[in-house]
Amino acid sequence: MSDTALSAPSSKSRLALVALLVGGVAIGASPIFVRLSEVGPLATGFWRVALALLPLFVWSGVTQPAKADRKPEGWRDFVLLTLPGVFLAADLAAWHLSLHMTSVANATLLANFAPIFVTLGAWVLFRTHITRIFLLGLATALAGVMILKGGFAGLGGGNLSGDATAIVAAVFYAAYMLSIGHLRSRFSTIRIIIWTTVSSAICLLPVALFYETGLIPLTLFGWAMVVGLAFVAHAAGQGLIIYALAFLPPAFLSLTLLLQPVVAAILAWIILSEPVGPMQALGGTVVLAGILIARRG
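Given the structure is predicted, the values throughout are model-derived calculations rather than measurements.

Re the overall build of the protein
Thought 1: The secondary structure content of the protein amounts to 15 helices and 0 strands.
Thought 2: Contacts spanning at least 24 positions in sequence make up 90% of the contacts within the protein whose residues lie at least 6 apart.
Thought 3: Accessible surface computed for the protein: about 13,800 Å², of which carbon and sulfur atoms make up 72%.

Structure below.
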């Protein structure tokens, strides 16, 4: 599907695929942490990135600089390293706001259309070759997400502005993935994720303060939820995904991240006792089939 994927050594490609899948599972746990958080969704988003800086700075201090890494050399590099964090903050803000403006089913389904925008962006901006097999896998995986969320019958109870906000979240997440993919050939994983996390936290803090009143968790359980979200979903999950972007194309990565709603449904069943019916099981199976098809492309 792209020269990057074809030129990478097979062993590194396999390792990147494993990192991607583990990262997708880690991010798939984020809805559980958000659901159990004591603070509002925007404040939770801020703590997600702000607290993630703790393990990221430790990681930076104990690891040797990557050979392919280099320091930013001018204002253009600073802008390019900051921009993904702005996109991520916009994605989190739009996604969390959409949950309050439209139905959960609508917001979740429409936000998961990000792979469409990633594929279009990779083709338009970077002239990435998209095969028919990959497009078939993409369509199959998206169909699986729709089945998982109840199909077209589950799209009731929302409103136009909330649905549009969820689509905006998908566009911003696509921009985040594409910008990260552009940076991976020049900077290391740790440098990119630290710059992205700092800029995202700076953007989210004023938004959280403006829209919500309670910013600070009041109990140990509340702190455990935002710490878990920061360490598991962001530091581990995003770190693994950014690593994988050095060896796999952004379009395939965004497609594989459609595993997130499948993981979220399984964890909700285990932790929150939310039922998983035949439709959810069928949807998860179709998502996996779509990813396997796309991998062949």
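What follows picks up the thread again.
Let's talk about the packing of helix H5 (residues 53-62) against helix H11 (residues 189-211)
Thought 1: Closest axis-to-axis distance for the H5/H11 pair is 10 Å, and the angle between their directions is 150°. One finds that H5 runs roughly antiparallel with respect to H11. The two elements H5 and H11 cross, and the hand of that crossing is left-handed. Contact with H5, carried on its side by Leu-53, Leu-56, Phe-57, Trp-59 and Ser-60, involves Thr-189, Ile-190, Ile-193, Ile-194, Thr-197 and Val-198 of H11 and no other residues of that element.
Thought 2: Taken together, the residues of the contact of H5 with H11 sort by class into 8 nonpolar, 3 polar and no charged.

Re helix H4 (residues 41-50)
Thought 1: A large share of H4 lies buried, amounting to 9 of its 10 residues.
Thought 2: Residues Pro-41, Leu-42, Ala-43, Thr-44, Gly-45, Phe-46, Trp-47, Arg-48 and Val-49 constitute the buried set of H4.

A short note on the environment of Leu-15
Thought 1: Residue position: Leu-15 is located in helix H2 (residues 10-28).
Thought 2: The exposure class assigned to Leu-15 is partly exposed, which follows from its relative accessible area of 48%.
Thought 3: Spatially, the C-alpha atoms of Leu-15 and Ala-244 are 8.1 Å apart, while their sequence positions differ by 229 residues.

Remarks on the packing of H11 against helix H12 (residues 220-244)
Thought 1: Following both chains from N to C, one finds H11 and H12 inclined at 130°, their axes separated by 9 Å at the closest point. With respect to H12, the axis of H11 lies oblique. Crossing of H11 over H12 shows right-handed handedness. Taking contact as the criterion, the partners of Thr-189, Ile-192, Ile-193 and Thr-197 in H11 are, on H12, His-234, Ala-235, Gln-238, Gly-239, Ile-242 and Tyr-243.

Here's the deal with the packing of aromatic side chains
Thought 1: For the structure on display, the rule yields 7 aromatic pairs.
Thought 2: When the ring of Tyr-173 is compared with that of Tyr-176, the centres are 5.7 Å apart and the planes differ by 40°; the resulting orientation is tilted. Of the two residues, Tyr-173 and Tyr-176 are both situated in helix H10 (residues 160-183); the distance of 3 residues between them amounts to about one turn of the helix. This pair shows no difference in class: Tyr-173 is buried, exactly as Tyr-176 is.

Brief notes about the nonpolar core
Thought 1: Within the largest apolar cluster, 54 residues are counted, with the highest numbers of intra-cluster contacts made by Tyr-176 and Leu-253.
Thought 2: Mapped onto this core, the elements with two or more residues apiece are H2, H4, helix H6 (75-101), helix H8 (114-126), H10, H11, H12 and helix H13 (250-256).
Thought 3: Examining the composition of this core, we find that 8 residues originate from one element, H10, more than from any other.
Thought 4: The residues touching Leu-253, leaving out its near neighbours within four places in the chain, are Leu-20, Met-177, Ile-241, Ala-244, Leu-245 and Leu-248.
Thought 5: Membership of the second largest hydrophobic core comes to 9 residues, among which are Leu-138, Leu-142, Leu-258 and Leu-259.

Description of a nonpolar patch on the surface
Thought 1: Judged by side-chain polarity, Ile-116, Leu-120, Trp-123, Val-124 and Leu-125 come together as a nonpolar surface patch covering roughly 500 Å² of accessible area.
Thought 2: Here Leu-125 is to be found in helix H8.

What to know about the side chain of Thr-119
Thought 1: Take Thr-119: it is sitting in helix H8.
Thought 2: Leave out the neighbours within four places in its chain, and Thr-119 touches Ile-130, Phe-134, Leu-135, Leu-138 and Ala-251.

Re H11
Thought 1: Taking 1.5 Å per residue as the helical rise, H11 with its 23 residues ought to reach 33 Å, and the 32 Å between its terminal C-alpha atoms agrees with that figure.
Thought 2: If you check which residues of H11 are buried, you get Thr-189, Ile-190, Ile-192, Ile-193, Ile-194, Thr-196, Thr-197, Ser-199, Ser-200, Ala-201, Leu-204 and Ala-208.

Parameters and conventions
- Residues numbered from 1 in each chain as written.
- Predicted model: local features only at pLDDT ≥ 70, side-chain atom pairs only at ≥ 80, totals over all residues.
- Heavy atoms only, no water.
- Helix = DSSP H or I, 4+ residues; strand = E, 2+ residues; numbered from the N terminus.
- Contact = heavy atoms within 4.5 Å.
- Areas by Shrake-Rupley, 256 points an atom, 1.4 Å probe, with all protein chains shown as cover.
- Axes fitted to C-alpha atoms, helices over the stretch in contact; angles between N-to-C directions.
- Parallel < 35°, antiparallel > 145°, perpendicular 65-115°, else oblique.
- Left-handed = near helix turned anticlockwise from the far one by under 90°.
- Nonpolar A, V, L, I, M, F, W, Y, C, P; charged D, E, K, R; others polar.
- Buried < 20%, exposed > 50% of the residue type's maximum accessible area, 1.4 Å probe, protein only.
- Phe/Tyr/Trp six-rings, centres within 6.5 Å; stacked < 30°, edge-to-face > 60°.
- Core = buried A, V, L, I, M, F, W, Y, C linked by side-chain atoms within 4.5 Å.
- Patch = residues over 30% accessible without salt bridge, like charges linked within 9 Å, V, L, I, M, F, W, Y side chains within 5 Å.
- Salt bridge = Lys/Arg side-chain N within 4 Å of Asp/Glu carboxyl O.
- Expected span 1.5 Å × (residues − 1).

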